[in-house]
Amino acid sequence: MKYRINLLSVSKISITDRIIHFALNYLRYILVITQIVVIGVFFYRFKVDQEIVDLKEALDQKREIIKVSQPLIESGQNISLRMNQVKNILSNQDTFLGSIDYILSRFPEDFFLNKFTLKDKEITMDGYTANLIAIKNFYLRMKQEKKFKQVELKSVKKSTLGHEFSFEFVEYHL
């Protein structure tokens, strides 16, 4: 068995010596670690501030884009509205022309017109013919084909020219 014998007496170390020993050995490590943390926080703060500045710049750019493009958007909406109006007008014209073409394509040869009136969705025809059966056939044909919502034979009168008739056609369907 081995014994250790310490012949040096343990002396009491003063508080100042302890503080100096601590400062020389441990405090410098604590200061270095603290400085590293402070530098890390500084760089993190710098990075976050830069991101905030970049986001503000991007937001300002987007606001400017919206401000610049707002008149273009309004102009596009106006053009779209006008295009829809033009489409409606062209559709109405097609319906109108279709109704006239349809009636004239079915119009009997022995009919003579005195008056042909076109109103919004209504067509009125006044005329005469020598053939009374042609009036009946024309009326029945127009009713049977159902291109108009309403087909009316308003009147038939005997006159010096033959038989005068009056037709009314309402709402043509393409």
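Residues numbered from 1 in each chain as written. Predicted model: local features only at pLDDT ≥ 70, side-chain atom pairs only at ≥ 80, totals over all residues. Heavy atoms only, no water.

Participant: For the pairing of strand β4 (residues 163-172), give the residues involved together with the corresponding values.
Facilitator: In terms of burial, β4 is largely enclosed, as eight of its 10 residues are buried. As defined by bridge partners, strand β2 (residues 122-129) adjoins β4 across eight bridges and the pair is classed as antiparallel. Within the sheet, the bridge partner assigned to I123 lies in β4 and is F169. Strand direction decides the pairing type here: strand β3 (residues 148-158) and β4, joined by nine bridges, are antiparallel. (Buried < 20%, exposed > 50% of the residue type's maximum accessible area, 1.4 Å probe, protein only. Helix = DSSP H or I, 4+ residues; strand = E, 2+ residues; numbered from the N terminus. Pairing = 2+ DSSP bridges.)

Participant: Can you explain helix α1 (residues 15-106)? Please cite residues and give values.
Facilitator: Along α1, the sharpest change in direction is near 45° and occurs at Y26. Where α1 is concerned, the buried positions are G98, S99, I100, Y102 and I103. The inward-facing, buried residues of α1 contact β1 (111-119), β2, α2 (132-145), β3 and β4. (Bend = angle between axes of the 7 residues up to and from the residue. Contact = heavy atoms within 4.5 Å.)

Participant: Mind laying out the packing of aromatic side chains, listing which residues take part and the relevant values?
Facilitator: Inspection of the entire model under this criterion finds 16 aromatic pairs. Seen from their ring centres, Y102 and F148 are 6.0 Å apart, and the 50° between their planes marks the pair as tilted. You can see Y102 sitting in helix α1 and its partner F148 sitting in strand β3, a full 46 residues away along the chain. Residue Y102 is classed as buried on the basis of its relative accessible area, which comes to 6%. (Phe/Tyr/Trp six-rings, centres within 6.5 Å; stacked < 30°, edge-to-face > 60°.)

Participant: Help me get a handle on the sheet that holds β3, residues and values and all.
Facilitator: Read across the open sheet, the four strands follow the order β1-β2-β4-β3; overall the sheet is antiparallel. Each edge of the open sheet is held by one strand with a lone partner, namely β1 and β3. Within the sheet, the average angular offset between the axes of one strand and its neighbour, ignoring direction, is 15°. Strand contacts of α1: β1, β2, β3 and β4, with the helix running at about 145° to β4, the strand carrying the most contacts. (Axes fitted to C-alpha atoms, helices over the stretch in contact; angles between N-to-C directions.)

Participant: Mind laying out a negative patch on the surface, listing which residues take part and the relevant values?
Facilitator: A surface patch of negative charge is lined by E51, D54, E57 and D60. Along the chain, E51 falls in helix α1. (Patch = residues over 30% accessible without salt bridge, like charges linked within 9 Å, V, L, I, M, F, W, Y side chains within 5 Å. Areas by Shrake-Rupley, 256 points an atom, 1.4 Å probe, with all protein chains shown as cover. Salt bridge = Lys/Arg side-chain N within 4 Å of Asp/Glu carboxyl O. Lys, Arg positive; Asp, Glu negative; His and termini not counted. Charge placed at Lys NZ, Arg CZ, Asp CG, Glu CD.)

Participant: Tell me about the confidence of the model for the protein chain, and please be specific about residues and values.
Facilitator: In this model, the protein chain carries a mean pLDDT of 89, and residues with pLDDT of at least 70 account for 98%. Ranking the elements of the protein chain by mean pLDDT puts β1 last, at 89, and β2 first, at 92. (pLDDT = per-residue confidence, 0-100.)

Participant: So what about the layout of surface pockets? Which residues, and what values?
Facilitator: Taken as a whole, the largest pocket spans an internal volume of roughly 280 Å³. What lines the largest pocket is a set of 14 residues, among which N92, T95, F96, D120 and K121 lie closest to the centre. If you list the elements that add at least two residues to the lining of the largest pocket, you get α1, β2 and β4. Per-element accounting of the lining of the largest pocket gives the leading share, five residues, to α1. (1 Å grid on protein atoms, 1.4 Å probe; cavity = no way out; pocket = protein on both sides within 12 Å on 5 of 7 lines; lining within 4 Å. Points joined across faces, edges and corners; volume = space filled by probe spheres on them.)

Participant: Quick rundown of the pattern of salt bridges? Include the residues and the values.
Facilitator: Throughout the structure, instances matching the rule amount to seven salt bridges. R45 is paired through a salt bridge with D49; the nearest N and O atoms lie 3.3 Å apart. Highlighted residues: R45 and D49, both in helix α1, separated by four residues, approximately one helical turn. Exposure remark for R45: the relative accessible area of 55% places this residue in the exposed category. Residue K154 is joined to E168 by a salt bridge in which the shortest nitrogen-to-oxygen separation is 3.7 Å. Taken together, the residues span a long stretch of sequence, with K154 in strand β3 and E168 in strand β4 at a distance of 14 residues. E168 sits in the buried class, given a relative accessible area of 12%. One network of salt bridges, in which partners are shared, links R106, R141 and E145.

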